[in-house]
Amino acid sequence: CGALEIHGTCVAPKLRPLRALLGRGFPITQQMQSDYIDSLMVSAAGIGGEGWKFVKDIPAREMCTFASHPNHIAHPVPSVIHYCQKYAVDKYFWGKHKIPTDIFTCDHPLLVEPPNDVGSGKYLGVLQNGEPDSEQKEITGEREKMEAFMV
C-alpha cells in the first residue's frame, strides 16, 4: 500500500494538464496517458511502469554529470526519484537503511561523490551493500546506467 500511495502522490498533480486537454476536446489516447504517467518517477532500477526509458536515452558518458545537473530540454527525465531500494555501482552505494544516524552533525564526513564517468560502462560490478570486503557482482552496462543515475 505504501508504494501505491507514494506513486499516487507523485502522479495525481501531474494529471491536471491532461485533464485540461481532455476538457478542451483534445484526443488523448490511453497510451499517451500511460507514457505520461510512466515518465514521472523512477525508484527500483529497471522496473516497468516508471521513467527508465528516459534515463536510458542519456548518453552513458554523460550519466553522472547529467544526473547531478539535469537539463530537461536536452534529455527529459523523471521529476521524482523515490529512493526506496539499494543502489550501487562499483564501490558507490546508497541504501536508506545504511545511512548513518549522525549524518546531520558537523562531525560527520560528507558522503563520497562518485566519479563523473560512473554510468559510462567502465564500472560493471558492484560490491554487495557497499562493503569493501564483499565479493564484486557483475552488472550489465544498462544496469550500471540506471544505478549511476540513482547514486
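Chemist: An account of the pairing of strand E4 (residues 92–95) is needed here, citing residue identities and associated values.
Modeler: Across four bridges, strand E3 (residues 86–89) lies against E4 in antiparallel orientation. Looking at the pairing, Ala88 lines up with Phe93 of E4. The turn joining E3 and E4, which pair antiparallel and follow one another in sequence, is formed by two residues; a positive phi near 55 degrees is taken by Asp90.

Chemist: Before we move on, can you summarise helix H6 (residues 141–150) with the specific residues and values?
Modeler: Across the ten residues of H6, seven count as buried, placing the element largely inside the fold. Among all positions in H6, only Glu144, Lys145, Met146, Glu147, Ala148, Phe149 and Met150 are buried. The inward-facing, buried residues of H6 abut strand E1 (41–42), helix H4 (52–56), helix H5 (63–68), strand E2 (80–81) and E3.

Chemist: With reference to specific residues and values, describe the pattern of salt bridges.
Modeler: Scanning all chains against the criterion turns up four salt bridges. With its nearest N and O atoms 4.0 Å apart, the salt bridge here joins Glu62 to Arg61. One salt bridge connects Asp117 with Lys122, and the closest N-O pair in it is separated by 3.2 Å. Judged by its relative accessible area of 58%, Lys122 falls in the exposed class.

Chemist: Any chance you could break down the nonpolar core for me, citing the residues and the numbers?
Modeler: By size, the foremost hydrophobic cluster in this structure holds 17 residues, and its most contacted members are Trp52 and Phe149. Secondary structure elements with two or more residues in this core: H4, H5, E3 and H6. At four residues, H6 tops the list of elements feeding residues into this core.

Chemist: I'd like a rundown of the layout of surface pockets, residues and numbers included.
Modeler: Space inside the largest pocket adds up to approximately 890 Å³. Along the walls of the largest pocket sit 36 residues, with Phe93, Trp94, Leu111, Val112 and Val151 positioned nearest its centre. Those elements that provide at least two residues to the lining of the largest pocket are H5, E4 and H6. If one sorts the elements of the lining of the largest pocket by residue count, H5 sits on top with five residues. Considering only residue class, the lining of the largest pocket consists of 24 nonpolar, eight polar and four charged. Roughly 220 Å³ of volume is contained in the second largest pocket. Taken together, Lys86, Tyr87, Ala88, Phe93, Val126, Leu127, Gln128, Asn129, Lys137, Ile139, Arg143 and Glu147 make up the lining of the second largest pocket.

Parameters and conventions
Residues numbered from 1 in each chain as written. Predicted model: local features only at pLDDT ≥ 70, side-chain atom pairs only at ≥ 80, totals over all residues. Heavy atoms only, no water. Pairing = 2+ DSSP bridges. Helix = DSSP H or I, 4+ residues; strand = E, 2+ residues; numbered from the N terminus. Buried < 20%, exposed > 50% of the residue type's maximum accessible area, 1.4 Å probe, protein only. Contact = heavy atoms within 4.5 Å. Salt bridge = Lys/Arg side-chain N within 4 Å of Asp/Glu carboxyl O. Core = buried A, V, L, I, M, F, W, Y, C linked by side-chain atoms within 4.5 Å. 1 Å grid on protein atoms, 1.4 Å probe; cavity = no way out; pocket = protein on both sides within 12 Å on 5 of 7 lines; lining within 4 Å. Points joined across faces, edges and corners; volume = space filled by probe spheres on them. Nonpolar A, V, L, I, M, F, W, Y, C, P; charged D, E, K, R; others polar.

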